[in-house]
Amino acid sequence: MQNPTSDSTGDPTVTGLTSRRRFVLELSTMATALAACSPSGEPHAGTDTATGTANQQSGRTAPPGTPSTRPRNADSRADTSLHHAMPGASTVAGPTPANVLFHRFDAALPALPTQEVVTLHFTARETALRVRDDTVVAAWTFEGDIPGPIVHVRQGQTVEFTLTNAGQIPHSMDFHAAQIDPKVAFRSVMPGQSITYTFKPKFAGAFLYHCGTAPVLMHLGSGMFGAIIVDPPAPLRRATEFVLIQSELYLGAAQNGISPFDYNKMLGTLPDLFAFNGRPDQYQAEPLRARRGDLVRFHVVNAGPTHPCAFHIVGEQFDTVYLGAPPGNAIHGVQTFDVPAGGGMVFEMQADVAGEFVFVNHSFGHGQKGAIGRLVIGA
Ligand SMILES: [Cu+2]
C-alpha cells in the first residue's frame, strides 16, 4: 500500500502546481488530519468490504472528473483532491428542480431502540434537495437528506454501522460519539462499495457525525452531517425533546436551477445562509410545539463547518445546560450558550409560560440568515 502522505509531498503529478493549487492541496491534507478529531481510545477492529478490488495497484493518474485509478488508501486520505481536479463546487446528477419538493425536517428526537446492538445502514449519495421555496442545492448526503437521519441510542448499546457509497466520489463516516481508530473506521469508501464498523459510545451527549473525506470542509459544507444522541444509562427526566443541527450554506450561482455548494466561499467563511436542520427558517414557517408544564429538551449540535451557535430562546431561560456527558457538567440559569462547530450540548427549559418563543442563534447576523425558529407552548 502506498504511503498516502507521500502523495501530498513527492508525487510528480503534484509538482509544477500554482501556489494556490498547492495551498488547496496542503489544506486538504490538513483537513484530513482534522477528520480524525475523535480521540483515539481503545481500538475497535473496523471491517471493510471495500478492500482488495481491481485498480488496487494501478498507480495511474486519472484525468479530472473520472474515477480514480490510484491505489486505495487504508484511511480517509483516499482524497478527492489529490487525484482529481478539486471540485470547486458540489455537483449532482439528480432530477430537475421542478421534481424536487420541499419537505420540513422533523426535529423530534426519535424513539430509543431497545436492542443491545443497534444496526444502522446509511447510503451516501449526491442529490438535488430543495432547502427553501426558491432554492434547490446540489447536496452531498447521507440517506438523501440534509441533515442525515437523527440517531438515538443509549450509553451501553453497541452501534453497528455500515456506510454504502452510492455516489460518484469517495465518502466516509466520522462519528464523534465513537472512540475508534479513525484510519480504519473513518476511511473513505469508493463509489459502489461499503464499510462496516462497530463502536460503543463511552459518553452520553449530543454528538455530530459527518463525512470525513478530504477536504472535509467541502463534504461537511455540502451537507454530509447529522447527529447521534446518546442517552445516559439512567434516563434523564421525561421531556419533550428536539434535535437542532446548525449548519452554514455557501452557495454558488445556480445552474439549471440548482445551486452548488461553493468551496471557495466555504474558505471565505461568510455564509449566504444558516439553518437549523438543513433548511433556513423552516421552524419559523412551521413551529416546534410543546405543552405548558413540559420540560423541553433541545439537543443542539453544530455541524458548522466554521461558526459557533450562540443558542438562546427569547423570553425563556435555560434551567439547565449540560456541557457534556449529561447528567454531569450541568450549569443552571443560563440565557445563552455557545455550541462550537463540531460540538453538541443539551439545553433544558421548563415551559411554565404559554406563548410563542423564538429560539435563535443570538449571533444575530447568523440568526437573521436562517438560524431561527419558533417554539409554541400551548396552554
Ligand atoms: Cu463525503
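Residues numbered from 1 in each chain as written. Predicted model: local features only at pLDDT ≥ 70, side-chain atom pairs only at ≥ 80, totals over all residues. Heavy atoms only, no water.

1. Brief notes about the overall build of the protein chain
Scanning the protein chain from terminus to terminus reveals seven helices and 20 strands. Put simply, the protein chain has 379 residues, and 55% of those count as buried. Considering only residue pairs separated by 6 or more positions, the protein chain has 74% of its internal contacts joining residues 24 or more positions apart. Summing over all exposed atoms, the protein chain offers an accessible surface of approximately 15,500 Å²; the carbon and sulfur share of this is 54%. (Helix = DSSP H or I, 4+ residues; strand = E, 2+ residues; numbered from the N terminus. Buried < 20%, exposed > 50% of the residue type's maximum accessible area, 1.4 Å probe, protein only. Contact = heavy atoms within 4.5 Å. Areas by Shrake-Rupley, 256 points an atom, 1.4 Å probe, with all protein chains shown as cover.)

2. Some details on the coordination of the copper ion
Looking at the metal site, the copper ion is ligated by His171 (ND1), Cys211 (SG), His219 (ND1) and Met224 (SD), spaced 2.0 to 2.5 Å from it. If you look at the copper ion, its four donor atoms make angles of 83 to 135° with each other, and the shape they trace is irregular. (Donors = N, O, S within 2.8 Å, 3.2 Å for Na, K, Ca; no water. Tetrahedral: all angles 85-135°; square planar, octahedral: opposite > 155°, others 65-115°.)

3. Overview of the environment of His299
Tracing the sequence through the fold places His299 in strand S13 (residues 295-304). A polar side-chain atom of His299 sits 2.9 Å from a polar atom in the side chain of Glu241. (Polar contact = N/O pair within 3.5 Å; in protein donor to acceptor, adjacent residues only side chain to side chain.)

4. Describing unusual backbone geometry
Of note, the bond from Gly304 into Pro305 is cis; its omega dihedral lies within 30 degrees of zero at 20°. Tracing the chain through its elements places Pro305 in the loop between S13 and strand S14 (309-313). The peptide bond linking Pro326 to Pro327 adopts the cis configuration, its omega dihedral lying at 10°. Relative to the helices and strands, Pro327 resides in the loop between strand S15 (318-322) and strand S16 (330-334). With a phi angle near 60°, Asn277 is a residue other than glycine that sits in the positive phi range. With respect to the helices, strands and loops of the structure, Asn277 is situated in the loop between strand S11 (273-276) and helix H6 (282-285). Among the residues examined, Asn277 registers a relative accessible area of 0% and is labelled buried.

5. With respect to the confidence of the model for the protein chain
Overall, the predicted model of the protein chain reaches an average pLDDT of 83, with 76% of residues at or above 70. A low-confidence stretch, residues 1-85 stays under pLDDT 50, and its non-local contacts, those more than four residues away or across chains, total 154 contacts. (pLDDT = per-residue confidence, 0-100.)

6. Description of the nonpolar core
In this structure, Phe175, Phe298, Phe311 and Leu375 are the most contacted members of the largest nonpolar core, which totals 87 residues. A per-element tally of this core places strand S2 (residues 117-132) first, with six residues. Residues within four places of Leu375 in sequence aside, it is in contact with Phe242, Leu288, Arg289, Ala290, Val296, Phe298, Met349, Gly355, Glu356, Phe357 and Phe359. With five residues, the next largest nonpolar core counts Ala128, Val136, Ala138 and Ile258 among its residues. (Core = buried A, V, L, I, M, F, W, Y, C linked by side-chain atoms within 4.5 Å.)

7. Overview of the sheet that holds S14
In spatial order, the strands read S12-S20-S19-S14-S17; together these five strands make up an open sheet with mixed pairing. On the outer flanks of this sheet lie strand S12 (288-291) and strand S17 (336-339), each paired with one strand and no other. Adjacent strand axes in the sheet meet at a mean angle of 25° when their direction is disregarded. For strand S19 (residues 355-361) and strand S20 (residues 372-378), the ladder comprises six bridges, and the chain directions are antiparallel. For Phe359, the partnering residue across the bridge sits in S20 and is Gly373. (Pairing = 2+ DSSP bridges. Axes fitted to C-alpha atoms, helices over the stretch in contact; angles between N-to-C directions.)

8. Digging into the packing of aromatic side chains
The final tally for this structure, using the stated rule, is 20 aromatic pairs. Their ring planes at 55° and their centres at 5.7 Å tell us that Phe122 and Tyr209 sit as a pair that is tilted. Residue Phe122 is located in strand S2, and its partner Tyr209 is located in strand S8 (residues 205-210); the two are separated by 87 residues in the primary sequence. Phe122 sits in the buried class, given a relative accessible area of 5%. With relative accessibility at 0%, the residue Tyr209 sits in the buried group. (Phe/Tyr/Trp six-rings, centres within 6.5 Å; stacked < 30°, edge-to-face > 60°.)

9. Things to note about the pairing of strand S5 (residues 158-165)
Among the eight residues of S5, six are classified as buried, and the element is accordingly described as predominantly covered. Judged from the eight bridges that link them, S2 and S5 form a sheet pairing that is parallel. Residue pairing across strands places His121 opposite Thr162, the latter belonging to S5. The sheet contact formed by S5 and strand S7 (residues 194-199) spans six bridges and is antiparallel. The residue of S7 that forms the bridge with Val159 is Phe199.

10. Description of the sheet that holds strand S9 (residues 225-231)
Sheet architecture is open: four strands sit in the order S4-S9-S8-S6, paired in mixed fashion. Of all strands in the sheet, those with a lone pairing partner are strand S4 (151-154) and strand S6 (174-175), marking the two edges. In this sheet, S8 lies alongside S6 in antiparallel orientation, the contact comprising two bridges. Residue Phe175 lies in a different strand from S8, and its bridge partner there is Tyr209.

11. Things to note about the environment of Val136
Inspection of the secondary structure assignment puts Val136 in strand S3 (residues 135-142). Sequence separation of Val136 and Ala254 is 118 residues, and the distance between their C-alpha atoms is 8.5 Å.

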